[in-house]
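# Structure assessment
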Amino acid sequence: WNPSSWPVIQASVGDLSDGAGSLARNLGRFNVSWSLGKSLGYLSSGLLLAHSDFHSTFLAGIGLVALSFFCLPRENRI
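In this text, all values refer to a predicted model and were calculated from it rather than measured experimentally.

## Quick notes on the overall build of the protein chain
Across its full length, the protein chain holds three helices and zero strands. In the protein chain, buried positions account for 6% of the 78 residues. Total accessible area on the protein chain is roughly 6400 Å²; 69% of this is exposed by carbon and sulfur atoms.

Below, the structure written as structure tokens:
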């Protein structure tokens, strides 16, 4: 994980927001979602690693990354 990507992601959320009210709401949701996802990811991968091997934990991580990538909403912007 590259810590310098955080401002770029937040700027993208701001770019996709319509106004000041939606910007604050969207950034708040993003920050909470990011923190919850990171915490739950560490917890679940630790539990999976304790009960299984590294390869199954790694495959579960790959599957969740692919799932989140393909389930993200897409918007055509020109």
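From this point, things continue past the structure.
## Overview of the confidence of the model for the protein chain
Of the residues in the protein chain, 87% reach a pLDDT of 70 or more, and the chain-wide mean stands at 82. The lowest-confidence element of the protein chain is helix H1 (residues 5–16), averaging 78 in pLDDT; the highest-confidence one is helix H3 (residues 54–71), averaging 88.

## Re a nonpolar patch on the surface
Together, Val32, Leu36, Leu40, Leu43 and Leu47 line one region of the surface with nonpolar side chains, adding up to about 490 Å² of accessible area. Mapped onto the elements of the fold, Val32 is located in helix H2 (residues 20–51).

## Let's talk about the side chain of Thr57
Inspection of the secondary structure assignment puts Thr57 in helix H3. A relative accessible area of 14% means that Thr57 is categorised as buried. With residues up to four places along the chain from it excluded, the contact list for Thr57 reads Ser45, Leu48 and Leu49.

## Notes on the packing of aromatic side chains
Where two aromatic rings form a pair, the distance of their centres and the angle of their planes describe that pair. Evaluated as defined, the whole model comprises three aromatic pairs. For the pair Phe30 and Trp34, a centre-to-centre distance of 5.5 Å together with 50° between the ring planes defines the contact as tilted. Here Phe30 pairs with Trp34, and both are found in helix H2, just four residues apart, close to one helical turn. On the numbers, 5.2 Å between centres and 75° between planes, the contact of Phe69 with Phe70 is edge-to-face.

## Observations concerning the packing of H2 against H3
Contact geometry for H2 and H3: axes closest at 8 Å, N-to-C directions at 150°. In terms of orientation, H2 lies roughly antiparallel with respect to H3. Relative to H3, the crossing made by H2 is right-handed. Together, Ser45, Leu48 and Leu49 of H2 and Phe54, Ser56, Thr57 and Ala60 of H3 make up the contact between the two elements. Residue composition of the contact of H2 with H3, grouped by class: four nonpolar, three polar and no charged.

What counts, and where the lines are drawn
- Residues numbered from 1 in each chain as written.
- Predicted model: local features only at pLDDT ≥ 70, side-chain atom pairs only at ≥ 80, totals over all residues.
- Heavy atoms only, no water.
- Helix = DSSP H or I, 4+ residues; strand = E, 2+ residues; numbered from the N terminus.
- Buried < 20%, exposed > 50% of the residue type's maximum accessible area, 1.4 Å probe, protein only.
- Areas by Shrake-Rupley, 256 points an atom, 1.4 Å probe, with all protein chains shown as cover.
- pLDDT = per-residue confidence, 0-100.
- Patch = residues over 30% accessible without salt bridge, like charges linked within 9 Å, V, L, I, M, F, W, Y side chains within 5 Å.
- Salt bridge = Lys/Arg side-chain N within 4 Å of Asp/Glu carboxyl O.
- Contact = heavy atoms within 4.5 Å.
- Phe/Tyr/Trp six-rings, centres within 6.5 Å; stacked < 30°, edge-to-face > 60°.
- Axes fitted to C-alpha atoms, helices over the stretch in contact; angles between N-to-C directions.
- Parallel < 35°, antiparallel > 145°, perpendicular 65-115°, else oblique.
- Left-handed = near helix turned anticlockwise from the far one by under 90°.
- Nonpolar A, V, L, I, M, F, W, Y, C, P; charged D, E, K, R; others polar.

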